[in-house]
Amino acid sequence: MERPARLCGLWALLLCAGGGGVAAPAETQPPVTNLSVSVENLCTVTWTWNPPEGASPNCSLKYFSHFGNKQDKKIAPETYRSKEVPLNERICLQVGSQCSTNESEKPSILVEKCISPPEGDPESAVTELQCIWYNLSYMKCSWLPGRNTNPDTNYTLYYWHSSLGKVLQCEDIYREGQHIGCSFALTKVKDSSFEQHSVQVMVKDNAGKIRPSFNIVPLTSHVKPDPPHIKNLSFQNGDLYVQWKNPQNFYSRCLSYEVEVNNSQAETHDIFYVEEAKCQNSEFEGNLEGTICFMVPGVLPDTLNTVRIRVKTNKLCYEDDKLWSNWSQAMSIGQKANPTFYITTLLIIPIIVAAAIIVLLLYLKRLKIIIFPPIPDPGKIFKEMFGDQNDDTLHWKKYDIYEKQTKEETDSVVLIESLKRASQ
Amino acid sequence: TRSRPGNMERIVICLMVLFSGTVAHKASFQGQDRLLIRLRQLIDIVDQLKNYVNDLDSEFLPAPEDVKRHCERSAFSCFQKIQLKSANTGDNEKIINVLTKQLKRKLPPTNAGKRQKHKLTCPSCDSYEKKPPKEFLERLKSLIQKVCNLNYI
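If you're wondering where the values come from, they're calculated on a predicted model, not measured in any experiment.

Overview of the overall build of chain B
Secondary structure summary: chain B contains five helices and two strands in total. When the helices and strands of chain B are listed from N to C terminus, the series reads α-β-α-α-α-β-α. Across the 153 residues of chain B, 43% fall into the buried class. Surface summary for chain B: the accessible area is close to 9300 Å², and the carbon and sulfur share equals 56%.

Next up, the structure:
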């Protein structure tokens, strides 16, 4: 009689234990309380909450949170969550509590809290707000005025990053056609344990009529280096060696290169894309100063070659590699074909002149008569004809003169003919 | 007769020391080159894995961020310890397995790397925040990019 009772008791215990065991996982914690949101700096949004009331005593509370569309899920014991968000749109966070960091555990009912952009007509906010960090030294942001805004609006740009104590105002405003921009100094704090991750930027007008615009610029992208400097061009073993110095503030391993070679004679235009470049005799890579070398194949040494180089950040050290620097100053090497031509002509001309002088000296008399023929003098002839009143002598003289003239003429003819024969 | 072998030994030892000296100098230079080559490969692997992020098991994994100075190698080894699993079988599973295997390859050592703090002084892998695979891969990429930007590797 006792055995069935004991068995019943055992069964009952098992059922209770089983029931209790099954019930425990299904039990979720109560939701969190006092979920609130605040904004620090320009775009650092922080949600804070209090632990739920009436949570299980054995539960070490963890909080599960995610943004709209279940993005950016996080499970952590802290009762706050912070995120850098450009407040151009509404953003919401949902929070629930659970007992472990296991994401397969079902959290409590989720509580949601949203934050809206600042006051103002969305159409009035500036558009195309974009920033570029020039050579890791200064940042330039530019934007277009919003629709339906007064053309006389005075804009102000505010910026903040984690190395600054407070939000600063950008002083250096400029206008470029339709675009308005502002430039402020920004340098990388070297080897700091506290990294600058992004720069938060806000543009609003002084009157406060337009809705502010925000932008968060990650400091690993939008970097535009300064152009490099070509130091040396040389020919070795029939190949063109280009040696240049990279812009300061960049390690050579963090840059990609483009080398452009223009050949004026062959009218070729080659562009070489280089991922890695190093000089064989360079020192330890940690040295920022130093030159980079690249060998250009297939270059004709006797022609004029012009070389230009530009650089961009590469994916090894930076998030994007879209912004090329400006082209460097061009440097040329190779001989022009023209100088040789000029030299040869300059040498030939004195030779020709010398030969001409020799010829002149040899054939001076003959040339002289050719160049300066004897001018017939009618005055003399007439004088001898009429000046002397002796008719006979005049008569005879007339014939004499004719003879003389014909003789001279024949002489001239003979001379020319003999000269012609001589030249042939 | 005894002194001769002694002299020969000394000459051989000297030559070996000189030879190893030249080779060591070249090796240290090459070590850094090899490391950079490997880091470039790793960035490519992470980019490829990002394409398959939807096929990965959504388990939360320790993903170091804001790593302390000189603890970069230790943090990188935490990333390597994780086995990224494919959530479903199929063609993508093979690719994912191949890529994760390549991730786990040991990094080439460098002089600076050897001087890095022993793992005891750096935070343990479990102390880092756990994140889903997408953020895990993004943080791994950020760590590699940060390391390449340092003047010590």
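Back to the write-up after that little detour.
Remarks on the packing of aromatic side chains
All names here are of chain A. This model, assessed by the stated rule, comprises 10 aromatic pairs over all chains. Judged by centre distance (5.5 Å) and plane angle (70 degrees), the ring pair of W47 and F67 falls under edge-to-face. Here W47, found in strand β2 (residues 44-50), pairs with F67, found in strand β3 (residues 62-67); they are 20 residues apart in sequence, far enough to count as distant. One exposure class covers both W47 and F67, and it is buried.

Digging into the state of the cysteines
All names here are of chain A. Enumeration over the complete set of coordinates arrives at seven disulfides over all chains. Disulfide partner of C59: C99, at an S-S distance of 1.9 Å. Measuring the twist about the S-S bond at about -115 degrees, one finds the C59-C99 disulfide to be left-handed. You can see C59 sitting in the loop between β2 and β3 and its partner C99 sitting in the loop between β6 (91-98) and β7 (111-115), a full 40 residues away along the chain. Judged by its relative accessible area of 23%, C99 falls in the partly exposed class. The disulfide partner of C92 is C114, and the S-S distance across this bridge is 2.0 Å. The sign of the 105 degrees torsion about the S-S bond sets the C92-C114 disulfide as right-handed. In this pair, C92 sits in strand β6 while C114 sits in strand β7, placing the two residues 22 residues apart along the sequence. Here the disulfide map of chain B reads 1-3, 2-4, the bonded cysteines being numbered as they appear in the sequence. Looking at the unpaired C43, the closest cysteine sulfur is the one in C131, lying at 11 Å. For C43, a relative accessible area of 0% gives the class buried.

Thoughts on the UniProt feature "transmembrane region" (unreviewed entry) in chain A
The UniProt record annotates "transmembrane region" (unreviewed entry) at residues 341-364 of chain A. Helix and strand shares over residues 341-364 of chain A are 96% and 0% respectively, and the end C-alpha atoms of the span are 34 Å apart.

What about the sheet that holds strand β4 (residues 71-76) of chain A?
All names here are of chain A. Within the open sheet, the four strands sit side by side as β4-β3-β6-β7. Their pairing is antiparallel. Each of the sheet's edge strands pairs with one partner strand only, and the pair in question is β4 and β7. Sheet twist, expressed as the mean angle between neighbouring strand axes with direction ignored, is 20 degrees.

Regarding the pattern of salt bridges
On inspection of all chains with the given rule, the structure shows 17 salt bridges over all chains. Here R310(A) ties to E258(A) by a salt bridge, and the two come within 2.9 Å at their closest N and O atoms. Taken as a pair, R310(A) in strand β22 (residues 305-313) and E258(A) in strand β19 (residues 255-263) lie far apart in primary sequence, 52 residues in all. A residue is classified by how much of its surface remains accessible, and E258(A), at 12% relative accessible area, is buried. Each of K74(A), E65(B), E129(B), K131(B) and R139(B) takes part in salt bridges that share partners, so that together they form one network.

Description of the side chain of H66(A)
Residue and element names in this part refer to chain A. Within the secondary structure, H66 is located in strand β3. Judged by its relative accessible area of 5%, H66 falls in the buried class. In this view, H66 contacts Q71, D72, K73, R81, C92, L93, Q94 and L110; residues no more than four positions away in its chain are not counted.

Comments concerning the interface of chain A and chain B
On the chain B side, the residues contacting the 27 residues of chain A number 25 residues. Where chain A abuts chain B, roughly 2500 Å² becomes buried across the two surfaces, and 44% of that area is made up of carbon and sulfur atoms. Viewed at the interface, chain B and chain A are joined by four salt bridges. Note that R40(B) is salt-bridged to E275(A), the shortest N-O span being 3.8 Å. For the pair chain A and chain B, the interface holds eight residue pairs in polar contact (both at pLDDT 80 or more). With four residues, the single largest contributor to the side of chain A that touches chain B is β4(A).

Some words on unusual backbone geometry
Residues and elements named next belong to chain A. One non-glycine residue with positive phi stands out, namely D72, at about 55 degrees. Mapped onto the elements, D72 comes out in strand β4. A positive phi angle, close to 55 degrees, is found at N148, a residue other than glycine. For N148, the location among the structural elements is in the loop between β9 (138-144) and β10 (155-160).

Notes on the pairing of strand β18 (residues 239-245) of chain A
All names here are of chain A. Sheet analysis places strand β17 (residues 229-236) next to β18, joined by seven bridges and oriented antiparallel. In the sheet register, H229 faces β18, and the bridge partner there is K245. The hairpin turn running from β17 into β18, its antiparallel successor, is two residues long, and N237 in that turn takes a positive phi close to 55 degrees. Sheet topology places β18 next to strand β21 (residues 291-296); six bridges connect them, and they run antiparallel. By the bridge assignment for β21, L240 is matched with V296.

Considerations on the confidence of the model for chain A
Residue and element names in this part refer to chain A. Overall, the predicted model of chain A reaches an average pLDDT of 81, with 80% of residues at or above 70. For residues 18-25, every residue scores under 50 in pLDDT, and the model assigns this stretch zero contacts once sequence neighbours within four places are set aside. Between residues 282-288, whose pLDDT stays under 50, and residues either more than four places distant or in other chains, the model counts 14 contacts.

Section: the environment of F60(B)
You can see F60(B) is positioned in the loop between α1 (3-51) and β1 (61-62). Along the backbone, F60(B) and P133(B) are 73 residues apart, and their C-alpha atoms lie at a distance of 6.8 Å. Apart from the residues lying within four places of it in its own chain, the contact partners of F60(B) are K73(A), K74(A), I75(A), E103(A), K130(B), K131(B) and P132(B).

Rules of the game
- Residues numbered from 1 in each chain as written.
- Chains lettered and ligands numbered in written order.
- Predicted model: local features only at pLDDT ≥ 70, side-chain atom pairs only at ≥ 80, totals over all residues.
- Heavy atoms only, no water.
- Helix = DSSP H or I, 4+ residues; strand = E, 2+ residues; numbered from the N terminus.
- Buried < 20%, exposed > 50% of the residue type's maximum accessible area, 1.4 Å probe, protein only.
- Areas by Shrake-Rupley, 256 points an atom, 1.4 Å probe, with all protein chains shown as cover.
- Phe/Tyr/Trp six-rings, centres within 6.5 Å; stacked < 30°, edge-to-face > 60°.
- Disulfide = S-S within 2.5 Å.
- UniProt positions renumbered as here; feature names shortened; annotations may be inferred.
- Pairing = 2+ DSSP bridges.
- Axes fitted to C-alpha atoms, helices over the stretch in contact; angles between N-to-C directions.
- Salt bridge = Lys/Arg side-chain N within 4 Å of Asp/Glu carboxyl O.
- Contact = heavy atoms within 4.5 Å.
- Buried area = accessible area lost by both parts, 1.4 Å probe.
- Polar contact = N/O pair within 3.5 Å; in protein donor to acceptor, adjacent residues only side chain to side chain.
- pLDDT = per-residue confidence, 0-100.

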